[in-house]
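Spelled out, the chains give:
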Amino acid sequence: MSEHSTTTTTASPTRTEAELRALMARAVREVRETNPLAPSITNTVTQSFVANAQLAVGGSAAMVYLPDEGECVAALGGSVYINLGTLMPVYEQTVPATARACAAAATPWVLDPVGVGIGSLRTRLIEAVRENPPTILRGNASEIIAVADLWGLGGNSADGASGDGPRGVDSTDSVDAAERAAVACARFTGGAVAVSGATDLVTDGVQVARLSGGSSLMTCITGSGCSLGGVCAVYACVADPFVAALTATAAYNLAGLRAAETCDGPGSFQVAFLNALY
């Protein structure tokens, strides 16, 4: 790991930074060795980038969207990634059915609540999966605050005010403002929450890690957040939720740093990023 990749603070000491780094390194090795399958129900705009990122870290990808497909891939083990970026009417059946199937099979799954609050279907889907919540919740600060609000977990920002809500897929809230909501969501799910921003935050509801790195060019390409969710799902095949989210986020930040050193702009950055992630 780069010296820039992670700084960990804990609300209650459980695992040291050295122990977490060792677990993250083991997760990277196990993914390379086992090539785990992490199917996705994901944003049609970024399917290719999600799949390529999953392949780059050593995982295997499959894109599905029908309810019975979601139930089938949930039963395969490994993990599943669900991204609400571009919705189709059938997702009203697919998303809850897949979440139920993951719960029944004890299969970890990752949720990216892209654009939560835009339209009624996204709201209904977020409310529906509360009964079978994700193992890892990944989003920007405004999305995490909005999910905590919808789940009745007290998603107010750190200063006590409600978040302004997402602006399309962009955040109007800071990562620090989302810490309270992230911790509440992680405690509710028993898993982990990853909040993306200039400095990322990952928590399991007890430990809170802040990870630096990445590149401003990551905001100039579509799919950097979506593909991060897919990579979280890959690492969730071999590691516990907190370690999986930490590993994916640290890998992304390090790859972003390295790619920015060799590219000329957003187009070449995307290629350089996948190469660095690989």
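See the structure shown above.
About the cut-offs
Residues numbered from 1 in each chain as written. Predicted model: local features only at pLDDT ≥ 70, side-chain atom pairs only at ≥ 80, totals over all residues. Heavy atoms only, no water. Helix = DSSP H or I, 4+ residues; strand = E, 2+ residues; numbered from the N terminus. Buried < 20%, exposed > 50% of the residue type's maximum accessible area, 1.4 Å probe, protein only. Areas by Shrake-Rupley, 256 points an atom, 1.4 Å probe, with all protein chains shown as cover. Salt bridge = Lys/Arg side-chain N within 4 Å of Asp/Glu carboxyl O. 1 Å grid on protein atoms, 1.4 Å probe; cavity = no way out; pocket = protein on both sides within 12 Å on 5 of 7 lines; lining within 4 Å. Points joined across faces, edges and corners; volume = space filled by probe spheres on them. Nonpolar A, V, L, I, M, F, W, Y, C, P; charged D, E, K, R; others polar. Expected span 1.5 Å × (residues − 1). Polar contact = N/O pair within 3.5 Å; in protein donor to acceptor, adjacent residues only side chain to side chain.

### Topic: the overall build of the protein chain
Secondary structure summary: the protein chain contains 10 helices and eight strands in total. Looking at the protein chain as a whole, 53% of its 278 residues are labelled buried. A total accessible area of about 10,900 Å² is found for the protein chain, and carbon and sulfur atoms account for 52% of it.

### Some thoughts on the pattern of salt bridges
Side-chain pairs of opposite charge can arise where the charged atoms are in close proximity. Taken as a whole and judged by the stated rule, the model has seven salt bridges. For arginine 124, the salt bridge is made with glutamate 92, and the minimal N-O distance between the two is 2.8 Å. Pair noted here: arginine 124 is in helix H5 (residues 120-128) and glutamate 92 is in helix H4 (residues 91-105), with a separation of 32 residues, a long-range link. Note that glutamate 179 is salt-bridged to arginine 210, the shortest N-O span being 2.5 Å.

### A short note on the layout of surface pockets
Volume-wise, the largest pocket comes out at about 790 Å³. Forming the boundary of the largest pocket are 30 residues, of which Ser196, Met218, Thr219, Ser224 and Gly225 lie nearest the centre. A total of four residues in the lining of the largest pocket trace back to one element, the largest contributor, which is helix H8 (residues 224-236). In terms of residue class, the lining of the largest pocket is made up of eight nonpolar, 17 polar and five charged. Put simply, the second largest pocket is a space of about 200 Å³. Around the second largest pocket sit 13 residues that line it, and Val28, Tyr235, Ala251, Leu254 and Leu277 are the ones nearest its centre. For the lining of the second largest pocket, the elements supplying multiple residues, two or more each, are helix H1 (17-34), helix H9 (241-260) and helix H10 (266-277). In terms of residue count, the dominant contributor to the lining of the second largest pocket is H9 (four residues). Here the residues of the lining of the second largest pocket are counted per class, giving 11 nonpolar, no polar and two charged.

### Notes on the environment of isoleucine 145
On the secondary structure map, isoleucine 145 appears in helix H6 (residues 141-150). Owing to a relative accessible area of 1%, isoleucine 145 belongs among the buried residues under this scheme. For the pair isoleucine 145 and alanine 177, spaced 32 residues apart in sequence, the C-alpha to C-alpha distance is 8.5 Å.

### Points about the environment of alanine 236
Position of alanine 236 relative to the elements: it lies in helix H8. Linking alanine 236 and alanine 27, residues 209 residues apart in sequence, is a C-alpha distance of 8.8 Å.

### Some thoughts on H9
Taking 1.5 Å per residue as the helical rise, H9 with its 20 residues ought to reach 28 Å, and the 28 Å between its terminal C-alpha atoms agrees with that figure. Burial analysis of H9 places 16 of its 20 residues in the buried class, which makes it a mostly covered element. For H9, the N-terminal capping position is held by aspartate 240, with its side-chain oxygen 3.1 Å away from the main-chain nitrogen of phenylalanine 242.

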